[in-house]
Amino acid sequence: MSKNISEHLKKNGIKPSLQRTKIYEYLIENKNHPTVDQIYNDLVKDIPTLSKTTVYNTFNLFMEKNIITIITIEENETRYDADTTFHGHFKCDECGEVYDFDIDDIQINKDILKDFQINERHLYFKGKCKDCLKK
């Protein structure tokens, strides 16, 4: 998988260092929408030279190259997602998990935005997930 990730990074104008490759691989393999702290804590075990600054800088580079998106469901919590297609997110208020969901079509009054330039689109819901509702 690392070879495919290296090729993907190169194709997007990113030099595929060990740290960058492992960070992107983590995002692909773990659909948990991690924070910088989560990804740092999980990867530093295998990459002792990794720093939080490297993770932040890598995420900034990945966002600049449009290969990840930033998720800010909570004001004080930034998460990252390697799925850059337009989709929604649901965050459980009880367990804190963030789930993806597909969006077929959103009906909005297009007249409201006709004179605006849209640079980003996000759709977030918060509540209790099905697992927490069962408890």
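Above: the structure in question.
Residues numbered from 1 in each chain as written. Predicted model: local features only at pLDDT ≥ 70, side-chain atom pairs only at ≥ 80, totals over all residues. Heavy atoms only, no water.

Q: Could you clarify how one ought to interpret the overall build of the protein in this entry?
A: Each helix and strand in the protein was counted, giving five helices and five strands. Taken along its principal axes, the extent of the C-alpha atoms in the protein is 50 × 45 × 25 Å. Considering the protein as a whole, with its 135 residues, one finds that 30% of them fall into the buried category. Within the protein, contacts between residues at least 6 apart in sequence are counted, and of these 48% link residues at least 24 apart. On the protein, roughly 9200 Å² of surface is accessible, and the fraction owed to carbon and sulfur atoms is 46%. (Helix = DSSP H or I, 4+ residues; strand = E, 2+ residues; numbered from the N terminus. Buried < 20%, exposed > 50% of the residue type's maximum accessible area, 1.4 Å probe, protein only. Contact = heavy atoms within 4.5 Å. Areas by Shrake-Rupley, 256 points an atom, 1.4 Å probe, with all protein chains shown as cover.)

Q: I tried to follow the pairing of strand S1 (residues 69–74) on my own but got confused; where do I start?
A: If a strand is regular, its side chains alternate between the two faces of the sheet. In this structure, S1 lies alongside strand S2 (residues 77–81), joined through four bridges in antiparallel fashion. Opposite Ile71, over in S2, you have Arg79 as the bridge partner. Hairpin connection, S1 to S2: the antiparallel pair is bridged by two residues. (Pairing = 2+ DSSP bridges.)

Q: Please explain the pattern of salt bridges as it appears in this structure.
A: Close approach of charged atoms allows side chains with opposite charge to pair. Overall, the coordinates contain nine salt bridges when judged by the stated rule. Glu7 serves as the salt-bridge partner of Lys10, at 3.8 Å between the closest nitrogen and oxygen. Separated by three residues within a single helix, Lys10 and Glu7 lie in helix H1 (residues 2–11), roughly one turn from each other. The partner of Asp37 in a salt bridge is Lys52, with the nearest N and O atoms 2.8 Å apart. A residue pair is termed long-range when its members are at least 10 positions apart, and Asp37 in helix H3 (residues 36–43) and Lys52 in helix H4 (residues 52–64) qualify at 15 residues. Here Lys52 falls in the partly exposed class, since its relative accessible area comes to 36%. Residues participating in the shared-partner salt-bridge network are Glu74, Glu77, Arg79, Lys91 and Lys126. (Salt bridge = Lys/Arg side-chain N within 4 Å of Asp/Glu carboxyl O.)

Q: Where do I start with the nonpolar core in this structure?
A: The tendency in soluble globular proteins is for nonpolar side chains to be buried as a group. Judged by nonpolar contacts, the single largest core of 20 residues is most densely connected at Ile23, Tyr24, Ile39, Phe59, Phe62 and Ile68. At the level of secondary structure, the elements contributing two or more residues to this core comprise H1, helix H2 (18–29), H3 and H4. Among all residues touching Ile23, those that are not within four sequence positions of it are Ile39, Leu43, Leu50, Val55, Thr58, Phe59 and Phe62. (Core = buried A, V, L, I, M, F, W, Y, C linked by side-chain atoms within 4.5 Å.)

Q: Explain the sheet that holds strand S3 (residues 88–92) to me, please; I cannot follow it from the model alone.
A: Strand order in the open sheet made by the three strands is S4-S3-S5, with mixed pairing throughout. Across the chains shown, the open sheet's two edge strands, defined by having one partner strand only, are strand S4 (98–101) and strand S5 (124–127). Across the sheet, the mean angle separating the axes of adjacent strands is 25 degrees when strand polarity is ignored. In this sheet, S5 lies alongside S3 in parallel orientation, the contact comprising four bridges. Paired with His89 across the two strands is Tyr124, which belongs to S5. (Axes fitted to C-alpha atoms, helices over the stretch in contact; angles between N-to-C directions.)

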